[in-house]
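# Tertiary structure, described
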Amino acid sequence: MRTTAGKLADFEARMAKAQDPGSERSRKKRDAAGRTTPRQRIAALVDPGSFVEVGALAKTPGDPKAVYSDGVVTGYARVDGRPVVVYAHDKTVYGGSVGVTFGRKVVEVMEMAIKIGCPVIGIQDSGGARIQDAVTSLAMYSEIARRQLPLSGRSPQISIMLGKCAGGAVYAPVTTDFVVAVDGETEMYVTGPEVIKEVTGETITSGELGGARQQEANGNISVIADSEEGALEAVRDLLAHLPSTCFDEAPVLPAPSDEEVREAHELDAFMPDDTNAGYDMLELLAQLGDDEELLEVQAGYAENLICAFGRIDGRTVGFVANQPLVYAGCIDADAADKGARFIRICDAYNIPIVFVVDTPGYLPGIAQEEAGLIHRGAKLAFAVVEATVPKVALVVRKAYGGAYAVMGSKNLTGDVNLAWPTAQIAVMGSAAAVALLQGDKLAAVPEDQREGMKKMFMDFYDANMTSPYVAAERGFIDAMIQPHQTRLALRQALRQLADKAATDLPKKHTISPL
């Protein structure tokens, strides 16, 4: 080993061992399950040949049996030519659990992301804390978590959940901006089935407790893919809609010309004649942007509110839209949480928000009150007011009560409010209003005349209260537009707001409703 050739050969041997350092048994188990290695996962995510590894020969200090990498592969790379830092757990080394060297490696690349300003992508497949390392493992989790704060809202952080993740291995991911999972593979929970059975006596399978669909329903998953390849593609798609830092511009893509979008006459026939008929809001959103491509976030959670990235005029926008097919588009507590978080993400990365409004109000009911609709609903309003990015609202049908207010209304800091002639803007719908205002009169008339009188009251209310022209006359709507004018109108509004600047009173930070 004293010769140069010997030293080079030794180095090559060590590097070869470091490429897949797990035990033969662990590697065979992984291969039999058809799972990829952490380096294969990174290679499939980033631009070909761009990954530069850091810490390949790192080991746990003081342990003669220590294994290279310490359970995590870390480094720098590029995605679509833009810099990122990336780390991937190695389940074949200490079960992908966090030890001191593992923690230091992840902290190293996170600090690089803080210095240079770039996204952080974590490929998670971990058993959690390394029990034999005792408090050291917990300290390393804390060190990693501490680096998430300076990155939060400054550069995108994305977690890809591949395999089972427990304990501390789920806290860090849910603190990132987006969590991407694979249906049938991802499982995540704070405590696993065995611990739950030991402590509480409850019996549940791992999949039932922490499977991707269950955690999506719990509000912990942003995007679910059908495969590992699909999950990696979803991450690339997310990055394509986001800037590298809050000080940069998101990628701008070629877009149709104004002439091509000037008269989208198919929109004139979109809205059903029956004001209570359902329709799929996703179909409408697909017709408002540059193309039909939408990247929906938390699609399986609070489905009555759609949060999705799209593009208008070549630039990323965030759509926040009511879904009439679910609860008639009412906003419930979960939808308020979902909308507030998405709005804050858009605001952090300077992505304009387009509200598409068709909601009869906040969802009433005892269950909603018990779920904390008051403070969770207020959280959505708080996020709307707090956001300083351009905010454009398009009222296509119902816009009632407090739900109207939080969906980008001018009085809650919406910049431009547009409405179709089909819009209905009021405190509440005609049926509820007539019952409240004219209930005694209706009860006093003969039953055979009651329906006719109720219709008369409702028609009067619709003409004088819910008509969008009432809101337009009072200055709460900037412009009434024909549906076919919508695509161009949205472009013009966003261009007008491109240089919007807003400042707040000096203070440390706001105090959002819980």
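Everything discussed here concerns the structure shown above.
In this text, all values refer to a predicted model and were calculated from it rather than measured experimentally.

Before going further, it helps to spend a moment on the layout of surface pockets. Volume-wise, the largest pocket comes out at about 1,100 Å³. What lines the largest pocket is a set of 31 residues, and nearest its centre among them are R344, D347, A348, E386 and T510. With 7 residues, the top contributor of residues to the lining of the largest pocket is helix α13 (residues 333–348). Looking at the lining of the largest pocket residue by residue, the class counts come to 11 nonpolar, 10 polar and 10 charged. Taken as a whole, the second largest pocket encloses approximately 530 Å³ of empty space. As for the second largest pocket, its lining consists of 24 residues, of which E249, R315, N350, P352 and A498 are closest to the centre. Tallied by class, residues from the lining of the second largest pocket come to 13 nonpolar, 3 polar and 8 charged.

Turning to the environment of D334, a few remarks are in order. If you trace the backbone, D334 turns up in helix α13. By relative accessible area, D334 is classed as partly exposed at 28%. With 116 residues separating them in the primary sequence, D334 and N218 have C-alpha atoms 9.5 Å apart. Excluding residues within four positions of it along the chain, D334 makes contact with Y301, A302 and R376. A polar side-chain atom of D334 sits 3.2 Å from a polar atom in the side chain of Y301.

Now for α13. Taking 1.5 Å of rise per residue, the 16 residues of α13 would be expected to cover 22 Å, and the 23 Å separating its terminal C-alpha atoms lies within 8% of that figure. Within α13, 12 of the 16 residues are buried, leaving the element largely enclosed by the surrounding structure. What α13 keeps buried is the set A333, A335, A336, D337, K338, G339, A340, F342, I343, I345, C346 and D347. Residues of α13 that are buried sit in contact with β7 (178–182), β11 (305–312), β12 (315–322), β13 (353–359), α14 (366–370) and α15 (373–386). Backbone geometry just after α13 places N350 at a positive phi near 60°.

Put simply, α13 and α15 touch, their axes get as near as 8 Å, and they point 20° apart. Judged by the inter-axis angle, α13 sits roughly parallel to α15. Crossing of α13 against α15: the hand is left-handed. Taken together, the residues of α15 that come into contact with α13 (itself represented by A333, D334, A336, D337, G339, A340, I343, R344 and D347) are L373, R376, G377, K379, L380, A383, V384 and E386. Looking at the contact of α13 with α15, its residues break down into 8 nonpolar, 2 polar and 7 charged.

Here is what the cut-offs are and how they apply
Residues numbered from 1 in each chain as written. Predicted model: local features only at pLDDT ≥ 70, side-chain atom pairs only at ≥ 80, totals over all residues. Heavy atoms only, no water. 1 Å grid on protein atoms, 1.4 Å probe; cavity = no way out; pocket = protein on both sides within 12 Å on 5 of 7 lines; lining within 4 Å. Points joined across faces, edges and corners; volume = space filled by probe spheres on them. Helix = DSSP H or I, 4+ residues; strand = E, 2+ residues; numbered from the N terminus. Nonpolar A, V, L, I, M, F, W, Y, C, P; charged D, E, K, R; others polar. Buried < 20%, exposed > 50% of the residue type's maximum accessible area, 1.4 Å probe, protein only. Contact = heavy atoms within 4.5 Å. Polar contact = N/O pair within 3.5 Å; in protein donor to acceptor, adjacent residues only side chain to side chain. Expected span 1.5 Å × (residues − 1). Axes fitted to C-alpha atoms, helices over the stretch in contact; angles between N-to-C directions. Parallel < 35°, antiparallel > 145°, perpendicular 65-115°, else oblique. Left-handed = near helix turned anticlockwise from the far one by under 90°.

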